[in-house]
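A structural walkthrough
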Amino acid sequence: MENGIMENRILIEIRNDSDKKFVFDGDWLRTGEWKSDKTQAIEAESSSVIEFKSTEVLGVSGVVWYVDSEEKDVYLSLAFTNPRLQEPTFACFIGVPPPDLKAELDRAPNLKQGETYYGWTSAKEGNLIVMKVTIFAGDFPHFVPPTAASMAETPETPEEQPSADVADMEPSAPPLLEWTMISTPPAETTTLCTTSSPQETQKAPASATDSPQDEEDSAWDHVSQAAQEFLDVTRPKDAVDGLWSGLSVATKGVAAGFVSFVACSAAGFEIAGLWGLVRGSSAGLYSASAIATTGTVCGVGQFGRGLYNTPEALRARQEQQVWDRDRGRWVEIDLVKLEAQMISEGDLDEETERSENYTPSESIKETEYYDLLKVKPSASEAEIKKAYYKEARACHPDKHPMDDEANAKFQKLANAYQVLSDPKSRKKYDEEGEKGVQDRKVKFDPTMFFSFLFGSDRFEPWIGELYVDLMIKVMARGDDKDAPTLKKRQERREVRCAVHLREFMNDFVYRRDEAQFEQRARSEAAELVQCRFGPELLAALGEMYTLRAEIYLADESAGRYSFTKRMASIKHSSKTLQHKFNFYSYCSDSFAQVGQLGHSFKVLEESVPKSASDPQAKEGAGTGTPDATEQEQQEQQQKMEKALKEVEEKLNEALPVFARTGCAQVVTDIDSTVTQVGRKLLKDKSAPWQIRVRRLQAWHCLGEIFYEEGTKALEASGESAKNLTEGVGKAFVAFKAERCRSS
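Residues numbered from 1 in each chain as written. Predicted model: local features only at pLDDT ≥ 70, side-chain atom pairs only at ≥ 80, totals over all residues. Heavy atoms only, no water.

1. Comments concerning the pairing of strand β13 (residues 329-332)
Sheet topology note: the strand β12 (residues 322-324)/β13 ladder contains 3 bridges and is antiparallel. Following the sheet pairing, Trp 323 is matched in β13 by Trp 330. Where β12 folds back on β13, the antiparallel hairpin that results is connected by 4 residues, among which Gly 328 adopts a positive phi of roughly 65 degrees. (Pairing = 2+ DSSP bridges. Helix = DSSP H or I, 4+ residues; strand = E, 2+ residues; numbered from the N terminus.)

2. Describing the pattern of salt bridges
Should their charged atoms come close, side chains of opposite charge can pair. On inspection of all chains with the given rule, the structure shows 28 salt bridges. With a shortest N-O distance of 2.7 Å, Arg 512 and Asp 25 are connected by a salt bridge. Of the two residues, Arg 512 sits in the loop between α17 (506-509) and α18 (514-528) while Asp 25 sits in strand β2 (residues 22-31), which places them 487 residues apart along the sequence. Neither Arg 512 nor Asp 25 differs from the other in exposure class; each is buried. Note that Glu 550 and Lys 571 form a salt bridge whose closest N and O atoms lie 3.9 Å from each other. Within this pair, whereas Glu 550 is found in helix α19 (residues 534-557), its partner Lys 571 is found in helix α20 (residues 563-607), the two being separated by 21 residues in sequence. You can call Lys 571 partly exposed: its relative accessible area is 45%. Here the residues in one salt-bridge network are Glu 518, Arg 522, Glu 708, Glu 709 and Lys 712, joined through shared partners. (Salt bridge = Lys/Arg side-chain N within 4 Å of Asp/Glu carboxyl O. Buried < 20%, exposed > 50% of the residue type's maximum accessible area, 1.4 Å probe, protein only.)

3. Some details on the packing of aromatic side chains
The way to describe two aromatic rings as a pair is by their centre distance and the angle between their planes. A full pass over the atoms with the stated rule returns 17 aromatic pairs. Arranged with centres 6.3 Å apart and planes meeting at 35 degrees, the rings of Phe 143 and Tyr 510 form a pair that is tilted. With Phe 143 in the loop between β9 (128-135) and α2 (148-153) and Tyr 510 in the loop between α17 and α18, this residue pair connects regions lying 367 residues apart in the sequence. Taken individually, Phe 143 and Tyr 510 each receive the classification buried, so the pair is uniform in this respect. (Phe/Tyr/Trp six-rings, centres within 6.5 Å; stacked < 30°, edge-to-face > 60°.)

Written out as structure tokens, the structure is:
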């Protein structure tokens, strides 16, 4: 008895007749605490006791699990409750962990004193429940982590790995699996990776023999489908979501009504003066009232829809489902199936690149530019861009600031890409060679500049292909209806990152080797900080990992509606808002720099004498315009050199600003991507709940390591944008000067 309150206790005596030693792996106590030493192992061929106590009104309840000390793939899982006012419950599993051990607290059967439950018996003495569990000797089922490869090797309707009860290996004892694992699946469950193929969703075109009635029915079907899609997209997930959605709709309605009132009043005054103002105000007031009333009614309707959907939301959250806002439904995430689907689809751009191969001229004048990029003359535009990206990054001036040979090669590669990336100049190069493209205009590719700074191959497994690059690929496909959408590409990016994290965590999750995991994480961080903008990106990635993991940890330990989780969510939201504010602030600075750069380039263009190839220059020469004197040529040269120097100075001033803007954009991209990656990793129904808890712990540990190493490197080296070398500016200006002089 403690503070006048009698303890509720549950004592579990475990007789282990097997040759396996089980060590503590994890627990989750809804109420109560340990009374015995939880680190004590369950030795082979011996007896052990674990005990829990509680002075709370709800009694003691929770789950605890152990793994075998050698292979770490045989689980002993226990779920128990001993409430004060209800019957106690108990469930036990050995071998493969149940899909959701935490949910077994609500599914476990009630206990009756003295009855035997296939391997354990119960006895009640006051507020003490005594459980006697026997683990029989035998070969237990081993947990094998599911993967896309193992899924491809199994039949189309594979049987689940069975969970065995503690008496499962005793020939005379009936298996507990059939008793404890029975559960009725929800009536409506959607798997996130289950989607219809275009062939299934695409309607057959109407034939010439279709009747007008059929065409009318088809049109009505399209209208109904569009209406249903609208209802799905606007469907609130619960009462809270419905309240916010309703307030948003009502506010927009009132705002639109006010705008209508002002517009009608202004239009009436402009047409008929004061009398028109009165008539316009009357009409505007009527219109504003109608619009505001409509918005308010719609807002109330959204709140009502949210209330109606609340019971479904509560059930879905208990079943570890997630809300898909685009579909307007609760879905289950199966990372293994998502990975298998991604593998089966292959490279989304591979087929396009093969079909868009360039057809060169019959006789190619020279292949020097193709040889520089290491591509064939028939290479597609996408292949040329990939090749340039790969070769140019290897000799980028920012990577080799003191290497003149590397800088010269970078200039040649840039020149070759400028020619071959444009269809007209490429065709002219094929027919006439380098001489045929001497007078072309130099174009600056901002996407390449962005990719050079932030598109490191070392970071791609962690953050995926940058959102800007995905947008460029989508725009490059143009009106191709069969092209994958931006959303599809982003989903594949998230799946790749989640799969990479899952594999990286194997030491922590499955082998229970936390020291090896931490060593590997710090080694990875040491390599990532060496990349361009590595410290900033690593610190941002680690911080977001930590913040998202803290939200999930609070959800698991304290509860979804707990104060702890709310504070963790507020902390995460404030950080993402800060990142967005930084991005918009840097954008305004970049616009100012663009204006200054534009003026400098304009001065440079004016300082360059016209080429003899210019039609106006030729016309002037034909009319007898005298050639410039040597003094005038020197003045023009000095003017051009001065303009070039100004361009270089402005470019060196602008580059850090552009870099900060780009880095801020990548950080906001990381924020949104990490959120979805975490959902796919930690809500993955292909892994048991106990494995997902291990993943969560590993993710939090990884985030702390990344943030620590990134911050440490940032403090040691300073901001990467300030440390940008002048190599990029010098290389660009040297290239520009060469083009100007050749003109």
